[in-house]
Amino acid sequence: MKPGPSLLRHYLQFKDFRAEEYAYLFERAATIKKRFKHYEKYQPLVDRTLAMIFEKASTRTRVSFEAGMYQMGGSVVHLTTGDSQLGRAEPVADSARVISRMVDLVMIRTYEQAKIEGFAAHSRVPVINGLTNEYHPCQILADIFTFIEHRGSIQGKVVAWVGDGNNMANTWLQAAEILGFTVHLSTPSGYEVDPAVAGITDTRCYQIFKDPLDACRDAHLVTTDVWTSMGFEAENAARVQAFTDWCVDADLMAAARPDALFMHCLPAHRGEEVTADVIDGPQSVVWDEAENRLHVQKALMEYLLLGRIG
Ligand code: CP
Ligand code: NVA
């Protein structure tokens, strides 16, 4: 038996962890990042294997998990729907039983949240959500870590969400409820966040604005995402019509606080959900945000496999 926490924990939604666990993870990610920047070798996961299952495309999630695991001394198995029995209708529960007897940790990017929940229910090892239709917790972990690096605590701050009521929006709401900040939501009609899907109970953690400019007023952070998420491509033409006014441009940034940051989980479409001058401008921290996926996920994998260090 390899050493590690006695209780099996998964990271399937942002609300799977408590505020004090996030405080620990953000501290830990900062330490891991600092050591990495100083070229200090840190390999606590020698002999550990991560299986990564991708049913949707990825650049950042794949590279950050794969590089992170190797840097910590472990190894990685990469599976996709097309090159495994997952694409040939092997039951999720059977896949979970088999894969989790062979590896120490599983990361899954898939469609319905129910699928990852079903996998986790039959897994012997921790399962991490690498994006589902409903949530993207690893991204928000990186985003909040990035905010803290630039501006300090996010508690009491205002985050403006401009665009689709999607997996990122849902996860921002969960984070707001747990960490004590407010999300100003502005989505086109028909693309609103459903609080039941977002999985939140405290209606004080968000406010709804019809006009994206009003949502951005006095925000400490303005953030958006693609108009059409993976899996919703058939709706693209209708979405292009509906989302025209939900583009983060210089006017929206001017409505926010002068020191407001701009974030985007990437990939971005310049000229659609954000203008080039904003995403490539001085308030944008999108490259830090992407890099920080590496550091926070190292802290996350260490936490799930080894528990608290120190
Ligand atoms: N932000 C993000 O998850 O990017 P990828 O789709 O490239 O993994
Ligand atoms: N909302 C986007 C995020 C991509 C990282 C999607 O689900 O495609």
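A brief look at the structure comes next. (Residues numbered from 1 in each chain as written. Chains lettered and ligands numbered in written order. Predicted model: local features only at pLDDT ≥ 70, side-chain atom pairs only at ≥ 80, totals over all residues. Heavy atoms only, no water.)

Comments concerning the site of ligand 1
In the vicinity of ligand 1, the residues found are S58, T59, R60, T61, R109, H136, Q139, C265, L266 and R293. At 2.7 Å, a side-chain N or O of T61 approaches an oxygen atom of ligand 1. A distance of 2.9 Å is found between a nitrogen atom of ligand 1 and a side-chain nitrogen or oxygen belonging to Q139. In isolation ligand 1 offers 250 Å² of accessible surface; the protein chains occlude 95% of this area. (Near = heavy atom within 4 Å. Polar contact = N/O pair within 3.5 Å; in protein donor to acceptor, adjacent residues only side chain to side chain. Areas by Shrake-Rupley, 256 points an atom, 1.4 Å probe, with all protein chains shown as cover.)

Concerning the site of ligand 2
Around ligand 2 lies a shell formed by L131, N166, N167, D225, S229, M230, C265 and L266. One of the side-chain nitrogen or oxygen atoms of N167 is found 2.8 Å away from an oxygen atom of ligand 2. One nitrogen or oxygen atom from the side chain of D225 is found 2.6 Å from a nitrogen atom belonging to ligand 2. Expressed as a share of its isolated accessible area of 270 Å², the protein-covered part of ligand 2 is 94%. Residues that form the shell around ligand 2 fall into these classes: four nonpolar, three polar and one charged. (Nonpolar A, V, L, I, M, F, W, Y, C, P; charged D, E, K, R; others polar.)

Some details on the sheet that holds strand β1 (residues 49-54)
Read from one edge to the other, the open sheet built from four strands follows the order β2-β1-β3-β4, with strand pairing classed as parallel. If you trace the sheet from one side to the other, it starts and ends with β2 (75-80) and β4 (127-129), each paired once. With strand direction ignored, the average angle separating the axes of adjacent strands in the sheet is 20 degrees. For β1 and strand β3 (residues 105-109), the ladder comprises five bridges, and the chain directions are parallel. Considered in β3, the bridge of A51 is made with V106. The sheet contacts of helix α2 (residues 60-71) involve β1, β2, β3 and β4, and relative to β1 the element is tilted by about 170 degrees. (Pairing = 2+ DSSP bridges. Helix = DSSP H or I, 4+ residues; strand = E, 2+ residues; numbered from the N terminus. Axes fitted to C-alpha atoms, helices over the stretch in contact; angles between N-to-C directions. Contact = heavy atoms within 4.5 Å.)

Interpretation in functional terms is not warranted from these geometric data alone.
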